[in-house]
Amino acid sequence: MRLAAKLLCVAFLAPSVTEAQVVRGAATERSSGQPLAGVLVSLEGADGSGTAYGNVLTSKRGEYRILAPAPGRYRITAKRIGVQRFVSQAFDLGGGETRNVDIVLDAVVYRLPTVTVESEPLCVLSERARGRVLALWDEVRTALTATQISLRDRLFRGNLTRYVRELDPRNLRVLSETRSQTQGIMHRPFVAVHPETLSARGYWQRLDDGSLLF
């Protein structure tokens, strides 16, 4: 009876331990109301430090879902290249709570700012120039983060066609050619020779079968 009582207590306590805090919602375009796919959505602390506790990309239906590490006070930010960053109001997230935060973004309304590099002191003295650099960096950071998430979540799908040619080293005449196609999720479709190897051995190497690799 004592063992049965302990097992019963574990059964009742386990769900409260494993429950997670979730923030979910959908991203839409303001003018059309259409869902937006590929929007970078981040869960940040409400203190404004910019620390992200989770990053995801919206699905084809514009939906997202982020797990919060612990109960607390958060906010949602969203960025789409060419559109100003969306920042939600701060909200409290309780243990095991699921909160819905929808995102509304404008259409692509402005071009990336142009940055001119000149031979001047490194310190940026102009407020206008500082704002242009910050805006450009925000776009670059969005693209890099979205790429990392695509690789992490294996979201990049594509069609890859490979051509392999065998050349005559004397006149570079094509001796044979093969072609293959691959479809699906891609991580590293092409792999380059390491720069140190190229520096030490050159840009062509003779393989074991006598052929040359460029």
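The following refers to the structure shown. On a predicted model such as this, the values are computed, not experimentally measured, just so you know.

### Here we look at the overall build of the protein chain
Link 1 in the chain: Scanning the protein chain from terminus to terminus reveals three helices and 13 strands.
Link 2 in the chain: Looking at the protein chain as a whole, 23% of its 214 residues qualify as buried.
Link 3 in the chain: Nonlocal contacts in the protein chain, meaning residues at least 24 apart in sequence, comprise 54% of its contacts between residues at least 6 apart.
Link 4 in the chain: Total accessible area on the protein chain is roughly 16,000 Å²; 55% of this is exposed by carbon and sulfur atoms.

### Quick word on the pattern of salt bridges
Link 1 in the chain: Tallying each qualifying case throughout the model produces eight salt bridges.
Link 2 in the chain: A salt bridge links Glu97 to Arg99; the shortest N-O distance between them is 3.5 Å.
Link 3 in the chain: We classify Arg99 as partly exposed; its relative accessible area is 29%.
Link 4 in the chain: A salt bridge links Arg170 to Asp168, with the nearest nitrogen and oxygen atoms 3.1 Å apart.
Link 5 in the chain: Owing to a relative accessible area of 76%, Arg170 belongs among the exposed residues under this scheme.

### As for unusual backbone geometry
Link 1 in the chain: Look at Leu172: it is not a glycine, yet its phi comes out positive at around 60 degrees.
Link 2 in the chain: With respect to the helices, strands and loops of the structure, Leu172 is situated in the loop between strand E10 (157–167) and strand E11 (174–185).
Link 3 in the chain: The class for Leu172 is exposed, based on a relative accessible area of 53%.

### With respect to the packing of aromatic side chains
Link 1 in the chain: In the structure shown here, the tally under the stated rule is one aromatic pair.
Link 2 in the chain: A centroid spacing of 5.8 Å and a plane angle of 85 degrees characterise the contact between Tyr53 and Tyr74, whose relative ring orientation is edge-to-face. You can see Tyr53 sitting in strand E3 (residues 52–57) and its partner Tyr74 sitting in strand E5 (residues 72–79), a full 21 residues away along the chain.

### Looking at the nonpolar core
Link 1 in the chain: Membership of the largest hydrophobic core comes to 20 residues, with the highest contact counts inside it found for Val23, Val41, Leu43, Tyr64, Ile76, Phe91 and Ile103.
Link 2 in the chain: Of all the secondary structure elements, the ones that give two or more residues to this core are strand E1 (21–29), strand E2 (40–45), strand E4 (63–68), E5, strand E7 (91–93) and strand E9 (103–105).
Link 3 in the chain: In this view, Ile103 contacts Ala26, Ala27, Thr28, Val41, Tyr64, Ile76, Ala78 and Phe86; residues no more than four positions away in its chain are not counted.

### Observations concerning the pairing of E5
Link 1 in the chain: Sheet topology places E2 next to E5; six bridges connect them, and they run antiparallel. By the bridge assignment, Ser42 is partnered in E5 with Thr77.
Link 2 in the chain: As judged from the three bridges shared by E5 and E7, these two strands associate in the antiparallel manner. Bridged to Gly72 within E7 is Leu93.
Link 3 in the chain: With two bridges connecting them, E5 and strand E6 (residues 86–87) associate as antiparallel partners. Across the sheet, residue Ala78 finds its bridge partner in E6, namely Phe86.
Link 4 in the chain: Two successive antiparallel strands, E5 and E6, enclose a turn made up of six residues, where Gly82 displays a positive phi of approximately 90 degrees.

Reading guide: rules and limits
Residues numbered from 1 in each chain as written. Predicted model: local features only at pLDDT ≥ 70, side-chain atom pairs only at ≥ 80, totals over all residues. Heavy atoms only, no water. Helix = DSSP H or I, 4+ residues; strand = E, 2+ residues; numbered from the N terminus. Buried < 20%, exposed > 50% of the residue type's maximum accessible area, 1.4 Å probe, protein only. Contact = heavy atoms within 4.5 Å. Areas by Shrake-Rupley, 256 points an atom, 1.4 Å probe, with all protein chains shown as cover. Salt bridge = Lys/Arg side-chain N within 4 Å of Asp/Glu carboxyl O. Phe/Tyr/Trp six-rings, centres within 6.5 Å; stacked < 30°, edge-to-face > 60°. Core = buried A, V, L, I, M, F, W, Y, C linked by side-chain atoms within 4.5 Å. Pairing = 2+ DSSP bridges.

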